[in-house]
Amino acid sequence: MTLQRLGRPAMLVLLSVIVLYPLVWMLGSSFKAPEEVLNNMSVFPEVFTPGNYTDGWGHFDVAFGRFFLNSAMVAGLTVVANCVSCLLAAYAFARLKFRLRGFWFAIMIGTLLLPGHVLIVPQFVMFKTFGWVGGDWPYAPLIVPQLLATEAFFVFLMVQFMRGVPRELDDAAKIDGCSPYGVFKHVILPLSRPALVSTAIFSFIWTWNDFFRQLVYLSDLEKYTAPVALTLFIDSSGQSAVGPMFAMSVLSLLPVFLFFVAFQRMLVEGINTTGLKG
């Protein structure tokens, strides 16, 4: 009995060490000299080098803080766009009646089966035709599509949540004279806070860590986001600044970590309540 009690915690500790070791090693490598990073697999540096952070911050002609601001702007606007558009689309699917509602909902769910890399070429051609690629505001291809509820996962998440809201509340609001818009404003919107928080958290994390789409659409150094800028520490000539790169990687993880910690309770609440069905 004692072995069984000790076995489960020991297994959890072992799994935690395996999962967290790469992150801890990256943190330790951010304080290592460049020649030590590839030769020392230990978490602790032999020569403590805090200058990697200052070198990484000023490694380019543009301060790395500029890349953080670009990432924060893209992630923040994406969060707002996803929350607004997906909430409206989910309300239509969950509460309103219109022709072929089930068919269009199935089509939307079917888009989850399409890898994003399959769509990147036609999307690039379309955005290039619109003049968004390489224009005055190159972030348009990253943000504007989110205003059209293109993230089917978030729409589905909110639809599942709204289906758990009793329809008697809608009927009571209609008896009081509310239109469908009034029902949405006074009933659905206030009760959808957990689903909105979940959408906001996932949108922020996924957008902040997005690399492929941002690499495709951003070509000006001053417009780069943090994930794209990190690749510049290793150039084609083989010259690399791995110490500063790890230092900036650690700083790039901080916004995601702090965002998750700040809204962890709401995230768990949103995931639990979204699974309810009426």
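Residues numbered from 1 in each chain as written. Predicted model: local features only at pLDDT ≥ 70, side-chain atom pairs only at ≥ 80, totals over all residues. Heavy atoms only, no water.

Colleague: Just give me the short version of the pattern of salt bridges, but keep the residues and values in it.
Modeller: Taken as a whole and judged by the stated rule, the model has 2 salt bridges. Note that Asp170 is salt-bridged to Arg95, the shortest N-O span being 2.5 Å. Taken together, the positions of Asp170 in helix 9 (residues 167–175) and Arg95 in helix 4 (residues 64–95) put the pair 75 residues apart, joining distant regions of the chain. An identical accessibility class is assigned to Asp170 and Arg95; each is buried. The closest approach of N and O atoms between Asp210 and Arg213, which form a salt bridge, is 3.5 Å. Overall, the relative accessible area of 16% leaves Asp210 in the buried class. (Salt bridge = Lys/Arg side-chain N within 4 Å of Asp/Glu carboxyl O. Helix = DSSP H or I, 4+ residues; strand = E, 2+ residues; numbered from the N terminus. Buried < 20%, exposed > 50% of the residue type's maximum accessible area, 1.4 Å probe, protein only.)

Colleague: A description of the packing of helix 10 (residues 180–191) against helix 11 (residues 193–209) should follow, citing residues and the corresponding values.
Modeller: Packing of helix 10 against helix 11 leaves a shortest axis separation of 5 Å and a crossing angle of 55°. The orientation of helix 10 with respect to helix 11, classified from their angle, is oblique. Mapping the contact onto sequence places Leu189, Pro190 and Leu191 in helix 10 and Arg193, Pro194 and Leu196 in helix 11. Considered class by class, the residues forming the contact of helix 10 with helix 11 number 5 nonpolar, no polar and 1 charged. (Axes fitted to C-alpha atoms, helices over the stretch in contact; angles between N-to-C directions. Parallel < 35°, antiparallel > 145°, perpendicular 65-115°, else oblique. Contact = heavy atoms within 4.5 Å. Nonpolar A, V, L, I, M, F, W, Y, C, P; charged D, E, K, R; others polar.)

Colleague: Tell me about the nonpolar core, residues and numbers included.
Modeller: In this structure, Phe64, Val155, Met158, Ile188 and Phe233 are the most contacted members of the largest nonpolar core, which totals 67 residues. Considering each element in turn, this core owes the most residues, 14 residues, to helix 4. Not counting residues within four places of it along the chain, the set of residues in contact with Phe64 comprises Gly56, Trp57, Ala226, Ala229, Leu230, Phe233, Met248 and Ser252. (Core = buried A, V, L, I, M, F, W, Y, C linked by side-chain atoms within 4.5 Å.)

Colleague: How would you sum up the packing of helix 4 against helix 8 (residues 152–163)? Please name residues and give values.
Modeller: Running from N to C, helix 4 and helix 8 cross one another at 50°; their axes reach a closest spacing of 8 Å. Taken as axis vectors, helix 4 and helix 8 run oblique relative to one another. For the pair helix 4 and helix 8, the crossing hand works out as right-handed. Every residue of helix 8 that contacts helix 4 at Asn82, Cys83, Cys86, Leu87, Ala89, Ala90, Tyr91, Phe93, Ala94 and Arg95 is listed here: Phe154, Val155, Met158, Val159, Met162 and Arg163. (Left-handed = near helix turned anticlockwise from the far one by under 90°.)

Colleague: Please give an account of a nonpolar patch on the surface that cites residues and values.
Modeller: A cluster of nonpolar residues, Met11, Leu12, Leu14, Leu15, Ile18, Val19, Leu20, Leu23, Val24 and Leu253, forms a patch on the protein surface that exposes about 930 Å² of accessible area. Looking at the nonpolar patch element by element, the count peaks at 9 residues for helix 1 (residues 2–29). By secondary structure assignment, the location of Leu12 is in helix 1. You can call Leu12 exposed: its relative accessible area is 53%. (Patch = residues over 30% accessible without salt bridge, like charges linked within 9 Å, V, L, I, M, F, W, Y side chains within 5 Å. Areas by Shrake-Rupley, 256 points an atom, 1.4 Å probe, with all protein chains shown as cover.)

Geometric values such as these leave the question of function open.
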